[in-house]
Amino acid sequence: MTERAVLAGGCFWGMQDLIRKLPGVVATRVGYTGGDVPNATYKDHGTHAEGIEITFDPAKTSYRKLLEFFFQIHDPTTVNRQGNDIGMSYRSAIYYADEAQKQTALDTIADVEASGLWPGKVVTEVEPVGDFWEAEDYHQDYLEKHPNGYTCHFPRPDWVLPKRG
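Every value quoted in this text rests on a predicted model; they were computed, and no experiment measured them.

Brief notes about the overall build of the protein
Phase 1: Looking only at helices and strands, one finds four helices and eight strands in the protein.
Phase 2: By the compact-globule yardstick of 15 Å for 165 residues, the protein fits well, its C-alpha radius of gyration being 15 Å.
Phase 3: By principal-axis analysis of the C-alpha atoms, the protein measures approximately 45 × 35 × 30 Å.
Phase 4: Counting all 165 residues of the protein, 48% fall into the buried class.
Phase 5: Considering only contacts within the protein whose residues lie at least 6 apart along the sequence, 76% involve residues at least 24 apart.
Phase 6: Distance between charge centres in the protein, computed from 16 positive and 24 negative side chains, equals 4 Å.

This is how it looks when you write it as structure tokens:
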């Protein structure tokens, strides 16, 4: 049995390229979520964020582990921005599927804040999951198709939460 996670943390290409390689991740697709435009597209996605939908096997990885990695590969302290990408499309957000995911998101954010390892206050939105509009084919698996393509996502070795007892 698999579970679903929907996250937004800047340009979806870089997030997909890193998250797809995690143990327990079964599938990923990029798209538009958290906004106001039905049938969103790259040219018309209104207030949607560029997001990633992750299908994962909870027997091999936990939602918490996905969130910890998410906080390591993007800067959750910048409002509507990742690197050179600026605007609502590039906000940091967690879209939870149920109360357990919501609580895990809030607990993880609290732990990130308490750690003092990140450069500022976490501004990640925590909202219920809504429609996810799959992005155009040329956006799917973009960095596999274009290995030297643009990305502002990378694992930051200093942004790793201490192991919990």
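Back to the write-up after that little detour.
Examining the pattern of salt bridges
Phase 1: Across all of its chains, the model carries 10 salt bridges by this definition.
Phase 2: A salt bridge links Glu53 to Arg4; its shortest N-O distance comes to 2.6 Å. Highlighted residues: Glu53 in strand E3 (residues 49-56) and Arg4 in strand E1 (residues 3-9), separated in sequence by 49 residues.
Phase 3: Arg4 gets classed as partly exposed once you look at its relative accessible area, which sits at 32%.
Phase 4: A salt bridge links Arg20 to Glu144; the nearest nitrogen and oxygen atoms lie 3.5 Å apart. Taken together, the residues Arg20 in the loop between helix H1 (12-19) and strand E2 (25-33) and Glu144 in helix H4 (residues 142-145) connect sequence positions 124 residues apart.
Phase 5: By relative accessible area, which is 51% here, Glu144 ends up exposed.

Observations regarding the nonpolar core
Phase 1: Membership of the largest hydrophobic core comes to 27 residues, with the highest contact counts inside it found for Leu7, Ile19, Ile54, Leu66, Phe71 and Ile94.
Phase 2: It is helix H2 (residues 63-73) that contributes the most residues to this core, seven residues altogether.
Phase 3: Contact partners of Ile54, with chain neighbours within four places excluded, come to Glu3, Arg4, Ala5, Leu7, Ile19, Val25, Ala27, Thr28 and Leu66.
Phase 4: Counting nine residues, the second largest nonpolar core, distinct from the first, contains Phe12, Trp13, Ala40 and Leu143.

Considering the environment of Gln140
Phase 1: In this fold, Gln140 is placed in the loop between strand E8 (132-134) and H4.
Phase 2: Gln140 sits in the buried class, given a relative accessible area of 6%.
Phase 3: Distance in space between the C-alpha atoms of Gln140 and Gln16 is 8.4 Å, their sequence separation being 124 residues.
Phase 4: Non-local contacts of Gln140, meaning those with residues more than four positions away in its chain, are made with Gln16, Arg29, Val30, Glu134, Ala135 and Lys145.

Some details on the sheet that holds strand E7 (residues 125-128)
Each strand in a sheet pairs with another by means of backbone hydrogen bonds, the pair being arranged parallel or else antiparallel.
Phase 1: Pairing within the open sheet is mixed, and its six strands lie in the order E7-E6-E1-E3-E2-E8. The open sheet has two edge strands with one neighbour each: E7 and E8. The mean inter-strand angle of the sheet, taken between neighbouring strand axes irrespective of direction, is 35°.
Phase 2: In this structure, E2 lies alongside E8, joined through three bridges in antiparallel fashion. Paired with Gly31 across the strands is Glu134, a residue of E8.
Phase 3: On top of the sheet, H1 reaches E1, E2 and E3; it is set at about 170° to E2, its chief contact.

Here we look at the packing of aromatic side chains
A ring pair, where both rings are aromatic, is described by two values, the distance of the centres and the angle of the planes.
Phase 1: According to the stated counting rule, one finds five aromatic pairs in the structure shown.
Phase 2: Look at Trp13 and Tyr142: their rings are 3.6 Å apart centre to centre, the planes differ by 10°, and that puts the pair in the stacked class. Placement of the pair is Trp13 in helix H1 and Tyr142 in helix H4, with a sequence separation of 129 residues. Like Trp13, the residue Tyr142 is buried in the burial classification.
Phase 3: Consider the rings of Phe56 and Tyr63, whose centres lie 6.5 Å apart with planes at 25°: the pair is stacked.
Phase 4: Tyr63 sits in the buried class, given a relative accessible area of 7%.

Parameters at a glance
Residues numbered from 1 in each chain as written. Predicted model: local features only at pLDDT ≥ 70, side-chain atom pairs only at ≥ 80, totals over all residues. Heavy atoms only, no water. Helix = DSSP H or I, 4+ residues; strand = E, 2+ residues; numbered from the N terminus. Rg over C-alpha atoms; globule rule 2.2 N^0.38 Å. Buried < 20%, exposed > 50% of the residue type's maximum accessible area, 1.4 Å probe, protein only. Contact = heavy atoms within 4.5 Å. Lys, Arg positive; Asp, Glu negative; His and termini not counted. Charge placed at Lys NZ, Arg CZ, Asp CG, Glu CD. Salt bridge = Lys/Arg side-chain N within 4 Å of Asp/Glu carboxyl O. Core = buried A, V, L, I, M, F, W, Y, C linked by side-chain atoms within 4.5 Å. Pairing = 2+ DSSP bridges. Axes fitted to C-alpha atoms, helices over the stretch in contact; angles between N-to-C directions. Phe/Tyr/Trp six-rings, centres within 6.5 Å; stacked < 30°, edge-to-face > 60°.

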